[in-house]
Amino acid sequence: MKVAGRGRILFWEGASLWIMKVQLSPGASTNATDFHSHHAIQITLSLGGQCELRTKDKAILGDVVVAPDVSHIFEASGQIALLFVEPESQSGRAILKNLLAEAPLAPIPEKLIPNLIEQLATACCLPTVDEESLEALGRSIVRGLAGVADARLLDERIRKIIGFAASHLDGPISLGAAAKHVGLSTSRARHLFVEQVGLPFRTYLLWLRIIKALNIYSTGQSLTYAAHEAGFADSAHFSRTFRRMFGVRADALQLS
């Protein structure tokens, strides 16, 4: 990874918003990555900076969406935003259908998210960054690209399952144990979780672990400590999972 980034990452169910200021690493002659791929849909937005996405056959400058598992080069400078969306989520499936239609990457039509990119750029430049506002804008952009309405409130039992999982990330967690905690059978909990959240429980659990590991890492703790505290086998397991999902090394980021 030749690009060093400074910024913050916000996670919610099935997606994450990365606000980054991209700059050259010491000794590097380019700010482009090598070819890489990850399983998330990548939405790249310029917030006053510049960005280009390239596959072996196509290049798009500006705001662009990249399909999951597509090998690509990412080149950027200045302030940008990245939205990673889980392709198996409801929003992810809609974005794949509406914007990509089996294409590896595609430009983002301006009419889909009018003013939202400008609002995001403005929010990032305020003296005090409001993470709740940033997350709300990120969610709005995902909904706009997916063409879906605002998410409904989660079933109380699903909220309790999520809370149970979040409080037990330092050890093994099964859907059966979480379902028992709220008085559901495993099969009913599995169906209801996918219906409500749009993701399988196991996939969502992995997101929770990454969230926790990143939050710990951003406080200055080591990757090894962060990985263990979040329930990963070791830092290598966390690093592999992070790289597979996001196409960059966790230690290439400087988070606030």
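Because the structure is a prediction, the values reported are computed rather than measured.

A. Focus on the overall build of the chain. A count of helical and extended segments in the chain gives nine helices and nine strands. Against the compact-globule benchmark of 18 Å for 256 residues, the chain has a radius of gyration of 18 Å, which places it among compact chains. Here the C-alpha coordinates of the chain stretch approximately 55 × 40 × 40 Å along the principal axes. Considering only residue pairs separated by 6 or more positions, the chain has 68% of its internal contacts joining residues 24 or more positions apart. Seen as two clouds, the 26 positive and the 24 negative side-chain charges of the chain have centres 5 Å apart.

B. Geometry of the pairing of strand S4 (residues 50-54). Residues of S4 alternate between two faces, with Cys-51 and Leu-53 buried on one and Gln-50, Glu-52 and Arg-54 left unburied on the opposite face. As judged from the five bridges shared by S4 and strand S7 (residues 73-85), these two strands associate in the antiparallel manner. Its bridge partner being in S7, Glu-52 is matched across the sheet by Glu-75. When S4 meets strand S5 (residues 59-61), the two strands line up antiparallel, connected through three bridges. Counterpart to Glu-52 in the pairing with S5 is Leu-61. The turn linking S4 back onto S5 is made up of four residues.

C. Summary view of the side chain of Thr-33. Relative to the helices and strands, Thr-33 resides in the loop between strand S2 (15-24) and strand S3 (41-46). Within the structure, the side chain of Thr-33 is placed 3.4 Å from the side chain of His-36, a separation counted as a polar contact.

D. Structural view of helix H1 (residues 90-100). Those residues of H1 lying buried are Ser-91, Gly-92, Ala-94, Ile-95, Leu-99 and Leu-100. The buried residues of H1 occupy an angular sector of 165° when projected down its axis, which confines them to one face. Against the buried residues of H1 lie S3, strand S6 (64-66), S7, strand S8 (105-107) and helix H3 (131-146). Ala-101 sits one or two positions beyond H1 and adopts a positive phi of about 45°.

E. Local environment of the pattern of salt bridges. Scanning all chains against the criterion turns up five salt bridges. The salt bridge partner of Glu-135 is Arg-139, with a shortest N-O separation of 3.0 Å. Of this pair, Glu-135 and Arg-139 both sit in helix H3, four residues apart, which is roughly one turn of the helix. On the accessibility criterion, Glu-135 (24% relative accessible area) is partly exposed. When its relative accessible area of 24% is taken as the criterion, Arg-139 is described as partly exposed. Connected via shared salt-bridge partners are Glu-52, Arg-54 and Glu-75.

F. Region of interest: the packing of helix H2 (residues 116-124) against H3. Running from amino to carboxyl end, H2 crosses H3 at an angle of 160°, the nearest separation of the two axes being 10 Å. One way to sum up the angle between H2 and H3 is to call them roughly antiparallel. The way H2 lies across H3 gives a crossing that is left-handed. Between H2 and H3, the residues in contact are Leu-116, Gln-119, Leu-120, Ala-123 and Cys-124 and Leu-134, Leu-137, Ser-140 and Ile-141, respectively. For the contact of H2 with H3, a count of residues per class yields seven nonpolar, two polar and no charged.

About the cut-offs
Residues numbered from 1 in each chain as written. Predicted model: local features only at pLDDT ≥ 70, side-chain atom pairs only at ≥ 80, totals over all residues. Heavy atoms only, no water. Helix = DSSP H or I, 4+ residues; strand = E, 2+ residues; numbered from the N terminus. Rg over C-alpha atoms; globule rule 2.2 N^0.38 Å. Contact = heavy atoms within 4.5 Å. Lys, Arg positive; Asp, Glu negative; His and termini not counted. Charge placed at Lys NZ, Arg CZ, Asp CG, Glu CD. Buried < 20%, exposed > 50% of the residue type's maximum accessible area, 1.4 Å probe, protein only. Pairing = 2+ DSSP bridges. Polar contact = N/O pair within 3.5 Å; in protein donor to acceptor, adjacent residues only side chain to side chain. Arc of directions from axis to C-beta. Salt bridge = Lys/Arg side-chain N within 4 Å of Asp/Glu carboxyl O. Axes fitted to C-alpha atoms, helices over the stretch in contact; angles between N-to-C directions. Parallel < 35°, antiparallel > 145°, perpendicular 65-115°, else oblique. Left-handed = near helix turned anticlockwise from the far one by under 90°. Nonpolar A, V, L, I, M, F, W, Y, C, P; charged D, E, K, R; others polar.

Purely spatial values, then, with no claim about function.
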